[in-house]
Amino acid sequence: MKTSLFWMLALLLAVLPACKSPQEALESGNYSLAFRKALDRLERGKGSRQDELTLGRALEKMEEQEGAQRQALYQSRSPQDWERGVQMNEALQEKMIAGAAFLPSGTTARLGR
């Protein structure tokens, strides 16, 4: 009985973070999760205007965070670092393309698209 109770609590603790709303994920600084959750809601037709705004804000925050990292990688003397910077940029562009239909007007322009 104690063992099954332990596993039920462990499962509950594992599932609770996944229950965050896109807005909660954004506010907690988990921009990638906020983006994925907002995009999922919007693609399923269950999204709101708030999800659209969260999607755009999450992209902006990811760009801010990754921008400095990419710049450092591009300034490195290592071709592997350059490749990693390019991969980071391509991943962000893929997210922008995936969310473009749902982004508020002007968001892609601010992101340099």
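In this report, the structure presented in the accompanying data block is examined. These figures come from a predicted structure and were not determined experimentally.

**Focus on the pattern of salt bridges**
- Considering all chains together, one arrives at 7 salt bridges under this definition.
- In this structure, the salt-bridge partner of Arg44 is Asp40, at a minimum N-O distance of 3.1 Å.
- Looking at Asp40, the relative accessible area reads 37%, which means it is partly exposed.
- When the shortest N-O distance is used, the salt bridge between Arg70 and Glu63 registers 2.5 Å.
- Three or more residues joined by partner-sharing salt bridges are found here, namely Glu63, Glu66 and Arg70.

**Side note on the environment of Leu55**
- Residue position: Leu55 is located in helix H4 (residues 49-75).
- Spatially, the C-alpha atom of Leu55 lies 8.1 Å from that of Pro22, the residues being 33 residues apart in sequence.
- With residues near it in sequence (within four places) discarded, Leu55 still touches Phe35, Ala38, Leu39, Leu42, Gly99, Phe102 and Leu103.

Definitions and cut-offs
- Residues numbered from 1 in each chain as written.
- Predicted model: local features only at pLDDT ≥ 70, side-chain atom pairs only at ≥ 80, totals over all residues.
- Heavy atoms only, no water.
- Salt bridge = Lys/Arg side-chain N within 4 Å of Asp/Glu carboxyl O.
- Buried < 20%, exposed > 50% of the residue type's maximum accessible area, 1.4 Å probe, protein only.
- Helix = DSSP H or I, 4+ residues; strand = E, 2+ residues; numbered from the N terminus.
- Contact = heavy atoms within 4.5 Å.

Note that every value here comes from positions in space, so none of it alone points to a role or purpose.
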